Amino acid sequence: MKRFIFSLLIIFTGMNVAAAASGDAEAGKGKVALCAGCHGANGISVSDAYPNLAGQHADYIVKQLKALKNSTDRSDPVMGPMAAGLSEQDMADIGAYYNSLPRTAADAGAAGGDTGASAAAPVAKYEPDAVAGKSLYELGDASRSIGACIGCHGKDGNSEVLIYPNLAKQHPEYIQKQLHNFKANENRSNYPMNQFAGQMTDEEILDIGAYFADTKAVANIKPKKVTVAAITEEVLAGEKKAAVCTACHGTGGNATVAIYPKLAGQHASYIVKQLTELKNGDRKDPVMSGMAAPLSEQDMVELAAYFSAQKPLAGNGKGSELGSKIYYGGKVNHVNQSVTACVACHGATGKGMANAGFPSLANQSVEYITSQLTKFKSGERANDKANMMRNIAMSLSEKDIDELAQFIATLK
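Residues numbered from 1 in each chain as written. Predicted model: local features only at pLDDT ≥ 70, side-chain atom pairs only at ≥ 80, totals over all residues. Heavy atoms only, no water.

Participant: I keep staring at the environment of G133 and nothing clicks. Help me out?
Facilitator: When you line up the elements, G133 lands in helix α6 (residues 130-139). In this structure G133 comes out as buried when scored by relative accessible area, which is 0%. Through-space distance from the C-alpha of G133 to that of G209 is 7.3 Å; in sequence the pair is 76 residues apart. Not counting residues up to four positions away in its chain, the partners in contact with G133 are D207, I208 and Y211. (Helix = DSSP H or I, 4+ residues; strand = E, 2+ residues; numbered from the N terminus. Buried < 20%, exposed > 50% of the residue type's maximum accessible area, 1.4 Å probe, protein only. Contact = heavy atoms within 4.5 Å.)

Participant: It is not clear to me how the side chain of R381 should be interpreted in this structure. Could you clarify?
Facilitator: With respect to the helices and strands, the residue R381 is situated in the loop between α18 (366-378) and α19 (388-394). Of the side chains bearing the opposite charge, E277 lies closest to the buried R381, which forms no salt bridge; the N-O distance is 6.4 Å. Residue contacts for R381: discarding those within four places in its chain leaves Y270, Q274, R283, Y368, Q372, K375, F376 and R390. (Lys, Arg positive; Asp, Glu negative; His and termini not counted. Salt bridge = Lys/Arg side-chain N within 4 Å of Asp/Glu carboxyl O.)

Participant: Looking at this model, I keep getting lost on the pattern of salt bridges. Mind explaining?
Facilitator: Oppositely charged side chains can pair when the atoms bearing their charge come close. Tallied over the entire structure, the rule returns 10 salt bridges. Here K325 makes a salt bridge to E321, at a shortest N to O gap of 3.6 Å. With K325 and E321 both in helix α16 (residues 321-329) and four residues apart, the pair spans about one turn of that helix. Summarising the burial analysis for this pair, K325 and E321 share the class exposed. Between D384 and R390 there is a salt bridge; the shortest N-O distance is 2.7 Å. Like D384, the residue R390 is buried in the burial classification.

Below is the structure:
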């Protein structure tokens, strides 16, 4: 039994569950010898590609073995044939045995493992957010029809419903793998889970994995409502038109060259404003002016809708005490000129104010923030409302700009 891969995430598969044969844990112990190669002698898998079975609900294990045997809802080229030779009593005994084992902490650092035909994890250098993962797990996102996982899988992944798997103390990599499989509808067929995972971004799947890597680390943090821009017709149209933008602004608006701005997550109205002003000359840029020139108003709206719906990757700031003081408290410079606190317009977390026309600064790079403040200071950039940014930047020293950029690029 080379790969004894079971389901982790399944929900609402039907409440009419047939009564299972009574399992004998001692008998099951003698039937799982071949399973140890992947799942470990104590039910704790030797690779993060395989699930931990120790302490898992027996009913759930039996349910998955039956599905694999009958090729219903779940298929696996290795486990299908292996399950085919099991009787109902074998399944019940195996389930009872694994259920009897203590759920000791999984070794999240276990190396290797063939991920088989499962969907590949995202390759972008995204720093997973355990708090965001907890929020999505506990609250879901009704706007995208993502149910709260906690309803079936329990607090911190400790399921109280026997046909729903425990996620606690499971390899986070394996949780991510199964969510990707559900999202791609690959090897895992369960309508609700296919729908829920299908609405999740790759970053959100990583966030959920980060949450289960150490649920205790965020136990005292209150989850926040998850909000993600809706995927509209304008977003889909904008995605097609954004291909030419990729060279400078990166895939999904996450620029890989630091001097160019990230457009991912930026307010749509702000993007439209900048494109309009680049086209009409109110904002001058030797490259972007030419790119904006042929765009129609509808092109701009669609491009803006697409980029605003994307999730930005973290900035590259190292942090700065002086930068933080200026951002939150402003300053008075050596000639008694007052510098308004950035937080007044750009918000405590740098997300800006869309309705007021103030852009999001969160997740931008140090280099881009520095270049724009320098251009406002010199007057090279002059499309700010009522000279606000020029007046502020003129009162900043080069050191102030450098330190502000290092701080702002840590906001997310």
